[in-house]
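Okay, here's what each chain looks like letter by letter:
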Amino acid sequence: MSITVFVGGGNMARAIIGGLLRHGRPASSIHVVEPHEATRVALQHDFGIAAHAQADAVVEQASLLVWAVKPQMLHGAIESLRHRLAPCLHLSIAAGITTDTLAVWLGSERIVRAMPNTPALVGKGMTGLFARAGASAADRDEAQAVAQAMGQSLWVEQEAQLDAVTAISGSGPAYVFYFLEAMREAGQQMGLSADQAYQLAVATFEGAAALAADSTEPPEVLRQRVTSKGGTTYAATTRLDELDVKARFIEAMQACRDRAAEMARQFS
Ligand SMILES: NC(=O)C1=CN([C@@H]2O[C@H](COP(=O)(O)OP(=O)(O)OC[C@H]3O[C@@H](n4cnc5c(N)ncnc54)[C@H](OP(=O)(O)O)[C@@H]3O)[C@@H](O)[C@H]2O)C=CC1
Ligand SMILES: O=C(O)[C@@H]1CCC=N1
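Source: prediction; values computed, not measured.

The rules behind the values
Residues numbered from 1 in each chain as written. Chains lettered and ligands numbered in written order. Predicted model: local features only at pLDDT ≥ 70, side-chain atom pairs only at ≥ 80, totals over all residues. Heavy atoms only, no water. Near = heavy atom within 4 Å. Areas by Shrake-Rupley, 256 points an atom, 1.4 Å probe, with all protein chains shown as cover. Nonpolar A, V, L, I, M, F, W, Y, C, P; charged D, E, K, R; others polar. Helix = DSSP H or I, 4+ residues; strand = E, 2+ residues; numbered from the N terminus. Buried < 20%, exposed > 50% of the residue type's maximum accessible area, 1.4 Å probe, protein only. Core = buried A, V, L, I, M, F, W, Y, C linked by side-chain atoms within 4.5 Å. Contact = heavy atoms within 4.5 Å. UniProt positions renumbered as here; feature names shortened; annotations may be inferred. Polar contact = N/O pair within 3.5 Å; in protein donor to acceptor, adjacent residues only side chain to side chain. Arc of directions from axis to C-beta. Domains from an automatic or database assignment. Buried area = accessible area lost by both parts, 1.4 Å probe. Salt bridge = Lys/Arg side-chain N within 4 Å of Asp/Glu carboxyl O.

(A) Fine view of the site of ligand 2. Residues in contact with ligand 2, as listed here, are Ala95, Met115, Gly170 and Ser171. In the complex, the protein chains occlude 48% of the 250 Å² of accessible area that ligand 2 would expose alone. Here the residues of the shell around ligand 2 are counted per class, giving two nonpolar, two polar and no charged.

The following block contains the structure:
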(Lines give C-alpha, C1' and ligand atoms only; values in the text may rest on other atoms or scores of the structure.)
(Ligands and ions follow the chains in the order given, each with its own letter.)
Protein backbone atom coordinates (compact mmCIF):
# COMPACT_ATOMS: atom_id res chain seq x y z
CA MET A 1 0.00 0.00 0.00
CA SER A 2 1.40 3.44 -0.89
CA ILE A 3 1.74 5.73 2.08
CA THR A 4 0.93 9.45 2.01
CA VAL A 5 2.39 11.59 4.78
CA PHE A 6 1.19 15.13 5.44
CA VAL A 7 3.60 17.49 7.18
CA GLY A 8 1.26 19.98 8.87
CA GLY A 9 -2.29 19.02 9.79
CA GLY A 10 -4.08 22.40 9.59
CA ASN A 11 -6.96 23.70 7.47
CA MET A 12 -5.70 22.69 4.07
CA ALA A 13 -4.33 19.29 5.10
CA ARG A 14 -7.76 18.56 6.59
CA ALA A 15 -9.45 19.52 3.32
CA ILE A 16 -7.13 17.30 1.26
CA ILE A 17 -7.38 14.34 3.65
CA GLY A 18 -11.20 14.56 3.66
CA GLY A 19 -11.18 14.51 -0.15
CA LEU A 20 -8.80 11.56 -0.38
CA LEU A 21 -10.90 9.50 2.02
CA ARG A 22 -14.11 10.37 0.14
CA HIS A 23 -12.37 9.14 -3.01
CA GLY A 24 -11.60 5.76 -1.51
CA ARG A 25 -8.05 6.08 -0.14
CA PRO A 26 -7.79 3.82 2.91
CA ALA A 27 -7.37 5.74 6.17
CA SER A 28 -4.49 3.41 7.04
CA SER A 29 -2.52 4.79 4.06
CA ILE A 30 -2.60 8.38 5.39
CA HIS A 31 -0.37 9.77 8.14
CA VAL A 32 0.06 13.29 9.48
CA VAL A 33 2.93 14.92 11.31
CA GLU A 34 1.51 17.77 13.38
CA PRO A 35 2.88 19.38 16.57
CA HIS A 36 -0.46 20.39 18.20
CA GLU A 37 -1.98 17.63 20.31
CA ALA A 38 -5.56 18.90 19.97
CA THR A 39 -5.21 18.99 16.18
CA ARG A 40 -3.78 15.47 16.14
CA VAL A 41 -6.62 14.14 18.30
CA ALA A 42 -9.20 15.82 16.05
CA LEU A 43 -7.61 14.36 12.90
CA GLN A 44 -7.51 10.87 14.42
CA HIS A 45 -11.08 11.18 15.64
CA ASP A 46 -12.57 12.69 12.47
CA PHE A 47 -10.70 10.66 9.86
CA GLY A 48 -9.33 7.56 11.62
CA ILE A 49 -5.82 8.33 10.36
CA ALA A 50 -2.54 8.14 12.28
CA ALA A 51 -1.23 11.48 13.56
CA HIS A 52 2.32 11.77 14.86
CA ALA A 53 3.84 14.45 17.08
CA GLN A 54 7.18 13.97 15.43
CA ALA A 55 8.25 12.43 12.20
CA ASP A 56 9.18 8.83 12.68
CA ALA A 57 10.01 5.96 10.38
CA VAL A 58 6.76 6.44 8.46
CA VAL A 59 8.32 9.35 6.57
CA GLU A 60 10.84 6.92 5.10
CA GLN A 61 7.97 4.74 3.82
CA ALA A 62 6.09 7.57 2.12
CA SER A 63 5.52 7.46 -1.62
CA LEU A 64 3.96 10.94 -1.37
CA LEU A 65 4.92 13.69 1.08
CA VAL A 66 2.50 16.62 1.22
CA TRP A 67 4.07 19.77 2.63
CA ALA A 68 1.18 21.63 4.26
CA VAL A 69 2.82 24.03 6.71
CA LYS A 70 2.90 27.82 6.45
CA PRO A 71 5.53 29.09 3.99
CA GLN A 72 7.67 30.58 6.79
CA MET A 73 7.74 27.17 8.54
CA LEU A 74 8.57 25.11 5.48
CA HIS A 75 12.35 25.28 5.48
CA GLY A 76 12.52 24.33 9.18
CA ALA A 77 10.03 21.49 8.66
CA ILE A 78 12.07 20.07 5.78
CA GLU A 79 15.34 20.43 7.70
CA SER A 80 13.92 18.53 10.67
CA LEU A 81 12.98 15.61 8.40
CA ARG A 82 15.81 15.76 5.93
CA HIS A 83 17.65 12.77 7.46
CA ARG A 84 14.46 10.70 7.04
CA LEU A 85 13.59 11.58 3.45
CA ALA A 86 13.55 8.69 1.01
CA PRO A 87 12.88 8.99 -2.75
CA CYS A 88 9.23 10.00 -3.17
CA LEU A 89 6.97 12.58 -4.78
CA HIS A 90 6.89 15.91 -2.93
CA LEU A 91 3.69 17.95 -3.19
CA SER A 92 3.96 21.44 -1.69
CA ILE A 93 0.91 23.63 -1.13
CA ALA A 94 2.91 26.50 0.40
CA ALA A 95 2.18 29.82 -1.27
CA GLY A 96 5.14 31.41 -3.00
CA ILE A 97 7.95 28.93 -2.31
CA THR A 98 9.38 27.97 -5.71
CA THR A 99 10.40 24.53 -6.89
CA ASP A 100 13.98 25.82 -7.37
CA THR A 101 14.09 26.52 -3.64
CA LEU A 102 12.27 23.30 -2.75
CA ALA A 103 14.65 21.23 -4.89
CA VAL A 104 17.60 22.59 -2.90
CA TRP A 105 15.90 22.14 0.47
CA LEU A 106 14.61 18.63 -0.35
CA GLY A 107 17.53 17.36 -2.40
CA SER A 108 14.97 16.05 -4.89
CA GLU A 109 13.62 17.01 -8.31
CA ARG A 110 10.35 15.07 -7.96
CA ILE A 111 8.28 18.09 -6.98
CA VAL A 112 4.79 19.32 -7.80
CA ARG A 113 3.45 22.58 -6.40
CA ALA A 114 -0.27 22.93 -5.79
CA MET A 115 -2.35 25.97 -4.94
CA PRO A 116 -5.69 24.74 -3.57
CA ASN A 117 -8.41 26.77 -1.87
CA THR A 118 -10.68 26.35 1.16
CA PRO A 119 -13.86 25.30 -0.71
CA ALA A 120 -11.92 22.02 -0.90
CA LEU A 121 -13.36 21.48 2.59
CA VAL A 122 -16.74 20.82 0.94
CA GLY A 123 -15.38 19.11 -2.18
CA LYS A 124 -15.69 22.29 -4.27
CA GLY A 125 -12.04 23.24 -4.38
CA MET A 126 -10.07 24.63 -7.30
CA THR A 127 -6.39 23.73 -7.41
CA GLY A 128 -3.67 25.10 -9.67
CA LEU A 129 -0.78 22.67 -10.31
CA PHE A 130 2.76 23.08 -11.56
CA ALA A 131 5.18 20.18 -12.08
CA ARG A 132 8.95 20.53 -12.00
CA ALA A 133 10.67 18.87 -14.96
CA GLY A 134 11.98 16.12 -12.67
CA ALA A 135 8.43 14.97 -11.83
CA SER A 136 7.44 11.93 -13.92
CA ALA A 137 4.15 11.43 -15.74
CA ALA A 138 3.10 9.11 -12.89
CA ASP A 139 4.00 11.85 -10.37
CA ARG A 140 1.84 14.33 -12.27
CA ASP A 141 -1.04 11.83 -12.32
CA GLU A 142 -0.72 11.28 -8.59
CA ALA A 143 -0.65 15.05 -7.84
CA GLN A 144 -3.69 15.55 -10.07
CA ALA A 145 -5.55 12.71 -8.34
CA VAL A 146 -4.91 14.40 -4.98
CA ALA A 147 -6.11 17.76 -6.34
CA GLN A 148 -9.21 16.26 -7.92
CA ALA A 149 -10.16 14.56 -4.68
CA MET A 150 -10.85 18.14 -3.49
CA GLY A 151 -12.73 19.35 -6.59
CA GLN A 152 -11.39 20.72 -9.89
CA SER A 153 -7.79 21.23 -10.96
CA LEU A 154 -5.83 23.02 -13.67
CA TRP A 155 -2.17 22.73 -14.73
CA VAL A 156 -0.02 25.76 -15.48
CA GLU A 157 3.11 25.47 -17.64
CA GLN A 158 5.07 28.35 -16.09
CA GLU A 159 5.72 28.40 -12.38
CA ALA A 160 5.16 32.17 -12.03
CA GLN A 161 1.58 31.57 -13.18
CA LEU A 162 0.93 29.84 -9.84
CA ASP A 163 1.16 33.27 -8.20
CA ALA A 164 -1.65 34.42 -10.49
CA VAL A 165 -3.62 31.29 -9.56
CA THR A 166 -3.10 32.30 -5.93
CA ALA A 167 -4.49 35.77 -6.71
CA ILE A 168 -7.61 34.31 -8.35
CA SER A 169 -8.62 31.03 -6.75
CA GLY A 170 -6.19 30.51 -3.84
CA SER A 171 -7.07 33.72 -2.04
CA GLY A 172 -10.28 34.22 -4.01
CA PRO A 173 -12.69 32.71 -1.46
CA ALA A 174 -11.72 35.60 0.84
CA TYR A 175 -12.87 38.11 -1.79
CA VAL A 176 -16.23 36.35 -2.02
CA PHE A 177 -16.59 36.40 1.78
CA TYR A 178 -15.65 40.11 1.74
CA PHE A 179 -18.49 40.80 -0.71
CA LEU A 180 -20.83 38.68 1.43
CA GLU A 181 -19.94 40.83 4.44
CA ALA A 182 -20.67 44.00 2.44
CA MET A 183 -23.99 42.63 1.14
CA ARG A 184 -25.04 41.57 4.65
CA GLU A 185 -24.18 45.04 5.99
CA ALA A 186 -26.02 46.81 3.15
CA GLY A 187 -29.07 44.58 3.66
CA GLN A 188 -29.17 45.48 7.35
CA GLN A 189 -28.91 49.18 6.52
CA MET A 190 -31.90 48.71 4.20
CA GLY A 191 -34.07 47.13 6.89
CA LEU A 192 -33.46 43.35 6.57
CA SER A 193 -32.12 41.20 9.38
CA ALA A 194 -28.49 40.10 9.12
CA ASP A 195 -29.66 36.49 8.61
CA GLN A 196 -32.08 37.42 5.83
CA ALA A 197 -29.49 39.53 4.04
CA TYR A 198 -26.85 36.80 4.37
CA GLN A 199 -29.19 34.10 3.05
CA LEU A 200 -30.02 36.26 0.03
CA ALA A 201 -26.36 37.07 -0.61
CA VAL A 202 -25.04 33.48 -0.32
CA ALA A 203 -27.82 32.14 -2.57
CA THR A 204 -27.03 34.87 -5.10
CA PHE A 205 -23.33 33.92 -5.29
CA GLU A 206 -24.25 30.25 -5.52
CA GLY A 207 -26.81 30.88 -8.27
CA ALA A 208 -24.67 33.31 -10.28
CA ALA A 209 -21.64 30.98 -10.12
CA ALA A 210 -23.78 28.02 -11.22
CA LEU A 211 -25.22 30.10 -14.08
CA ALA A 212 -21.73 31.18 -15.21
CA ALA A 213 -20.41 27.61 -15.00
CA ASP A 214 -23.36 26.33 -17.05
CA SER A 215 -23.26 29.09 -19.67
CA THR A 216 -21.19 29.39 -22.84
CA GLU A 217 -21.59 33.17 -22.70
CA PRO A 218 -19.03 35.52 -21.12
CA PRO A 219 -19.80 37.28 -17.83
CA GLU A 220 -20.31 40.63 -19.61
CA VAL A 221 -23.32 39.16 -21.43
CA LEU A 222 -24.70 37.50 -18.31
CA ARG A 223 -24.42 40.87 -16.55
CA GLN A 224 -26.19 42.68 -19.38
CA ARG A 225 -29.12 40.25 -19.00
CA VAL A 226 -29.60 41.39 -15.41
CA THR A 227 -29.32 45.03 -16.38
CA SER A 228 -32.56 46.59 -17.63
CA LYS A 229 -32.10 49.91 -19.38
CA GLY A 230 -32.38 52.72 -16.83
CA GLY A 231 -33.29 50.19 -14.13
CA THR A 232 -31.98 49.21 -10.71
CA THR A 233 -28.93 47.15 -11.74
CA TYR A 234 -27.85 49.96 -14.03
CA ALA A 235 -27.96 52.32 -11.05
CA ALA A 236 -25.69 49.97 -9.08
CA THR A 237 -23.18 49.20 -11.83
CA THR A 238 -22.96 52.87 -12.86
CA ARG A 239 -22.01 53.71 -9.28
CA LEU A 240 -19.44 50.86 -9.27
CA ASP A 241 -17.92 52.30 -12.47
CA GLU A 242 -17.90 55.86 -11.06
CA LEU A 243 -15.97 54.54 -8.05
CA ASP A 244 -13.62 52.61 -10.38
CA VAL A 245 -14.23 49.44 -8.39
CA LYS A 246 -13.05 47.07 -11.15
CA ALA A 247 -9.66 48.79 -11.44
CA ARG A 248 -9.27 48.89 -7.65
CA PHE A 249 -10.18 45.21 -7.42
CA ILE A 250 -7.59 44.31 -10.04
CA GLU A 251 -5.02 46.29 -8.01
CA ALA A 252 -5.93 44.24 -4.93
CA MET A 253 -5.38 41.01 -6.84
CA GLN A 254 -2.04 42.28 -8.12
CA ALA A 255 -1.05 42.96 -4.50
CA CYS A 256 -1.88 39.32 -3.76
CA ARG A 257 0.24 38.09 -6.67
CA ASP A 258 3.11 40.42 -5.66
CA ARG A 259 2.98 39.17 -2.07
CA ALA A 260 3.33 35.56 -3.28
CA ALA A 261 6.46 36.55 -5.21
CA GLU A 262 7.77 38.51 -2.21
CA MET A 263 7.20 35.53 0.11
CA ALA A 264 9.30 33.40 -2.21
CA ARG A 265 12.21 35.84 -1.68
CA GLN A 266 11.52 36.36 2.05
CA PHE A 267 11.32 32.69 3.08
CA SER A 268 13.92 31.19 0.73
N1 LIG B 1 -5.62 28.57 3.92
C2 LIG B 1 -5.76 28.68 2.61
O3 LIG B 1 -6.77 29.17 2.08
C4 LIG B 1 -4.66 28.17 1.72
C5 LIG B 1 -3.42 27.86 2.22
N6 LIG B 1 -2.43 27.43 1.40
C7 LIG B 1 -1.12 27.08 1.91
O8 LIG B 1 -1.31 25.94 2.72
C9 LIG B 1 -0.32 25.91 3.73
C10 LIG B 1 -0.99 25.55 5.05
O11 LIG B 1 -1.99 26.52 5.29
P12 LIG B 1 -3.10 26.24 6.41
O13 LIG B 1 -3.53 24.82 6.37
O14 LIG B 1 -4.10 27.31 6.24
O15 LIG B 1 -2.20 26.49 7.72
P16 LIG B 1 -2.45 26.02 9.22
O17 LIG B 1 -1.69 26.96 10.07
O18 LIG B 1 -3.91 25.80 9.47
O19 LIG B 1 -1.75 24.56 9.26
C20 LIG B 1 -0.40 24.30 9.34
C21 LIG B 1 -0.15 23.37 10.51
O22 LIG B 1 1.19 22.87 10.46
C23 LIG B 1 1.74 22.94 11.78
N24 LIG B 1 3.22 22.95 11.73
C25 LIG B 1 4.08 23.98 11.89
N26 LIG B 1 5.35 23.56 11.80
C27 LIG B 1 5.30 22.23 11.58
C28 LIG B 1 6.29 21.22 11.40
N29 LIG B 1 7.60 21.51 11.44
N30 LIG B 1 5.90 19.95 11.20
C31 LIG B 1 4.59 19.65 11.13
N32 LIG B 1 3.60 20.57 11.31
C33 LIG B 1 3.95 21.83 11.53
C34 LIG B 1 1.17 24.22 12.29
O35 LIG B 1 1.38 24.37 13.67
P36 LIG B 1 1.56 25.91 14.22
O37 LIG B 1 0.20 26.50 14.22
O38 LIG B 1 2.14 25.74 15.57
O39 LIG B 1 2.50 26.62 13.28
C40 LIG B 1 -0.30 24.08 11.87
O41 LIG B 1 -1.03 23.26 12.75
C42 LIG B 1 0.37 27.27 3.73
O43 LIG B 1 1.66 27.11 3.22
C44 LIG B 1 -0.47 28.12 2.80
O45 LIG B 1 0.33 29.00 2.02
C46 LIG B 1 -2.66 27.22 0.06
C47 LIG B 1 -3.87 27.49 -0.46
C48 LIG B 1 -4.97 28.02 0.31
O1 LIG C 1 -3.24 33.87 2.50
C2 LIG C 1 -2.40 33.02 2.18
O3 LIG C 1 -1.18 33.30 2.19
C4 LIG C 1 -2.84 31.64 1.75
C5 LIG C 1 -2.42 31.31 0.37
C6 LIG C 1 -3.66 31.34 -0.46
C7 LIG C 1 -4.74 31.46 0.51
N8 LIG C 1 -4.28 31.57 1.72
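(B) Spotlight on unusual backbone geometry. Of note, the phi angle at aspartate 244 is positive, near 60°, even though the residue is not glycine. Relative to the elements of secondary structure, aspartate 244 occurs in the loop between helix H11 (232–242) and helix H12 (245–266). Residue aspartate 244 is classed as partly exposed on the basis of its relative accessible area of 36%.

(C) Representation of the nonpolar core. Residues Val5, Leu65, Trp67, Leu74 and Leu102 are the most contacted members of the largest nonpolar core, which totals 31 residues. Elements with a contribution of two residues or more to this core: strand E1 (3–7), helix H3 (58–61), strand E4 (62–67), helix H4 (71–81), helix H5 (99–106), strand E6 (111–115) and helix H7 (161–170). Contacts of tryptophan 67, omitting those with residues within four sequence positions, involve Val7, Leu74, Ala77, Ile78, Leu81, Leu85, His90, Leu91, Ser92, Ile93, Ala94 and Leu106. Counting 29 residues, the second-largest nonpolar core is a separate cluster that includes Ile30, Leu89, Ala120 and Met150.

(D) Fine view of the environment of alanine 138. As for its placement among the helices and strands, alanine 138 is situated in helix H6 (residues 137–148). Overall, alanine 138 belongs to the exposed group, its relative accessible area being 52%. When the C-alpha positions of alanine 138 and leucine 89 are compared, they lie 9.6 Å apart, and in sequence the two are 49 residues distant.

(E) Geometry of the UniProt feature "binding site: NADP(+)" (unreviewed entry) in the chain. Residues annotated in UniProt with the feature "binding site: NADP(+)" (unreviewed entry) correspond here to Ala68, Val69, Lys70 and Pro71. Turning to its location among the elements, alanine 68 is positioned in the loop between E4 and H4. Note on alanine 68: relative accessible area 15%, which makes it buried. Once residues within four sequence positions are removed from consideration, alanine 68 is found in contact with Val7, Gly8, Ala13 and Ile93. Here proline 71 is to be found in helix H4. For proline 71, a relative accessible area of 12% corresponds to the buried category. Ignoring anything within four residues of it in the chain, the contact list for proline 71 reads Ala94, Ala95, Ile97, Met263 and Phe267.

(F) Layout of the site of ligand 1. The full set close to ligand 1 counts 22 residues, and Met12, Glu34, His36, Val69 and Lys70 are the nearest of them. One of the backbone nitrogen or oxygen atoms of glycine 8 is found 3.5 Å away from a nitrogen atom of ligand 1. Coverage of ligand 1 by the protein amounts to 76% of the 890 Å² it exposes when considered alone. Those elements that provide at least two residues to the shell around ligand 1 are helix H1 (11–22) and H4.

(G) Quick look at the UniProt feature "domain: Pyrroline-5-carboxylate reductase catalytic N-terminal" (unreviewed entry) in the chain. Per the UniProt record, the feature "domain: Pyrroline-5-carboxylate reductase catalytic N-terminal" (unreviewed entry) sits at residues 6–96. Segment residues 6–96 splits into 42% helix and 21% strand. End C-alpha atoms: 19 Å apart.

(H) Local environment of H4. For H4, the complete set of buried residues consists of Pro71, Leu74, Ala77, Ile78 and Leu81. Seen end-on, H4 carries its buried residues on one side only, within an arc spanning 95°. Contact partners of the buried residues in H4: E1, H3, E4, strand E5 (89–92), H5 and H12.

(I) The domain arrangement of the chain, seen in detail. Each domain of the chain was delimited in the assignment, giving domain 1 (4–157) and domain 2 (171–264). Placing the centre of domain 1 and that of domain 2 at their C-alpha centroids yields a distance of 32 Å. Contact residues are listed per partner, giving eight residues for domain 1 and four residues for domain 2. Regarding the contact of domain 1 and domain 2, the summed buried area is about 420 Å², with carbon and sulfur atoms giving 75% of it. Where domain 1 packs against domain 2, one counts zero salt bridges. Linking domain 1 to domain 2 there are zero residue pairs in polar contact (both at pLDDT 80 or more). Residue classes in the side of domain 1 that touches domain 2 are distributed as four nonpolar, four polar and no charged.

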